[in-house]
Amino acid sequence: MAQLQATKTEANLLRSFAEEAQLNRYHLAYARQAEMEGYPQVSRLFRAIAESATVHANAALRVLGAIRDTRANLQGAIAAETRAGQEMYPEMVQLADQEGIRTARVAFDYARQVERIHADLLRYSLEHLDELPSGEYYVCPVCGNTVLGRPPDVCPICGTPGSAWMRVV
Ligand SMILES: [Fe+2]
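Residues numbered from 1 in each chain as written. Predicted model: local features only at pLDDT ≥ 70, side-chain atom pairs only at ≥ 80, totals over all residues. Heavy atoms only, no water.

Trainee: In this structure, what is going on with the domain arrangement of the protein? I would like to understand it.
Mentor: Note on interface size: it is often stated as the accessible area lost on association of the parts. As assigned here, the protein comprises domain 1 (8-64), domain 2 (68-131) and domain 3 (133-169). The C-alpha-based centres of domain 1 and domain 2 are spaced at 23 Å. (Domains from an automatic or database assignment.)

Trainee: Can you help me understand the packing of helix H1 (residues 8-36) against helix H2 (residues 40-64) in this one?
Mentor: In a packed pair of helices, the relevant descriptors are the angle between the two axes and the axis-to-axis distance. Taken N-terminus to C-terminus, the directions of H1 and H2 make an angle of 160 degrees; their axes are 8 Å apart at the nearest point. The orientation of H1 relative to H2 falls into the category roughly antiparallel. Pair H1 / H2 crosses with left-handed handedness. Class assignment for the residues of the contact of H1 with H2 results in 20 nonpolar, 6 polar and 4 charged. (Axes fitted to C-alpha atoms, helices over the stretch in contact; angles between N-to-C directions. Helix = DSSP H or I, 4+ residues; strand = E, 2+ residues; numbered from the N terminus. Parallel < 35°, antiparallel > 145°, perpendicular 65-115°, else oblique. Left-handed = near helix turned anticlockwise from the far one by under 90°. Nonpolar A, V, L, I, M, F, W, Y, C, P; charged D, E, K, R; others polar.)

Trainee: Just checking my understanding: could you explain unusual backbone geometry for this structure?
Mentor: As a rule of thumb, non-glycine residues mostly have phi less than zero, and peptide bonds are mostly trans rather than cis. Look at Ala-6: it is not a glycine, yet its phi comes out positive at around 65 degrees. Position of Ala-6 among the secondary structure elements: in the segment before H1.

Trainee: Help me understand H1, please; the structure alone is not making it clear to me.
Mentor: One full turn of an α-helix is made of 3.6 residues, so residues set three or four places apart face in the same direction. Its 29 residues give H1 an end-to-end C-alpha distance of 42 Å, which sits within 8% of 42 Å, the value for a rise of 1.5 Å per residue. Among the residues of H1, those classed as buried are Leu-13, Glu-20, Asn-24, His-27, Ala-31 and Ala-34. In this fold, the buried residues of H1 make contact with H2. Immediately downstream of H1, the backbone of Gly-38 shows phi near 85 degrees, a positive value. (Expected span 1.5 Å × (residues − 1). Buried < 20%, exposed > 50% of the residue type's maximum accessible area, 1.4 Å probe, protein only. Contact = heavy atoms within 4.5 Å.)

Trainee: Quick question: what am I supposed to make of the packing of helix H3 (residues 70-99) against helix H4 (residues 102-127) here?
Mentor: Contact pair H3 / H4: the axes reach a minimum separation of 8 Å and the direction vectors enclose 160 degrees. Of the possible angle classes, the one that applies to H3 and H4 is roughly antiparallel. You can see that H3 and H4 cross each other, and the crossing is left-handed. Per-class residue counts for the contact of H3 with H4 are 15 nonpolar, 5 polar and 8 charged.

Trainee: Any chance you could explain the layout of surface pockets here in plain terms?
Mentor: To find leftover empty space, a probe the size of one water molecule is rolled over the atoms. In this structure, the largest pocket encloses a volume near 400 Å³. Taken together, Phe-17, Leu-61, Ala-66, Ile-67, Arg-68, Asn-73, Gly-76, Ala-77 and Ala-80 make up the full set of residues lining the largest pocket. A per-element tally of the lining of the largest pocket places H3 first, with 4 residues. Its residues assigned to classes, the lining of the largest pocket shows 6 nonpolar, 2 polar and 1 charged. (1 Å grid on protein atoms, 1.4 Å probe; cavity = no way out; pocket = protein on both sides within 12 Å on 5 of 7 lines; lining within 4 Å. Points joined across faces, edges and corners; volume = space filled by probe spheres on them.)

Right, here's the structure in full:
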């Protein structure tokens, strides 16, 4: 089989993954909107297509060899979350400030703060991989803050009540 590295096909696999991953989130958001507007069958279709997009995204990842063992995946995830929290989002916050786009500034700053928390959670899991106690995670539906155990009474980042947080079992 031909070498994949540095080919146009490798670039296309990355592009396919990015497109399909985006489509997955678009379609899930459209599904929620359709549900709220009283179109359950359209919502179902969007969810089905979202699942299909995930199949395509995963196929690209598989061909790229991008999924490694869990230790390596944790290391990769820590690096990605750290980059996003320390480089990408701070720059985005600054630019949104300069351009006076407050809604974007808030969204970027929430993400900036939460990426640091994600990196810490991932690092802890990597360091204690073979002795991790089991527990549920909770995610703030507004800023994405993520905690192990129980949600706080109110989110320290955005103020959303803990009762509204999403449980991940
Ligand atoms: Fe929050």
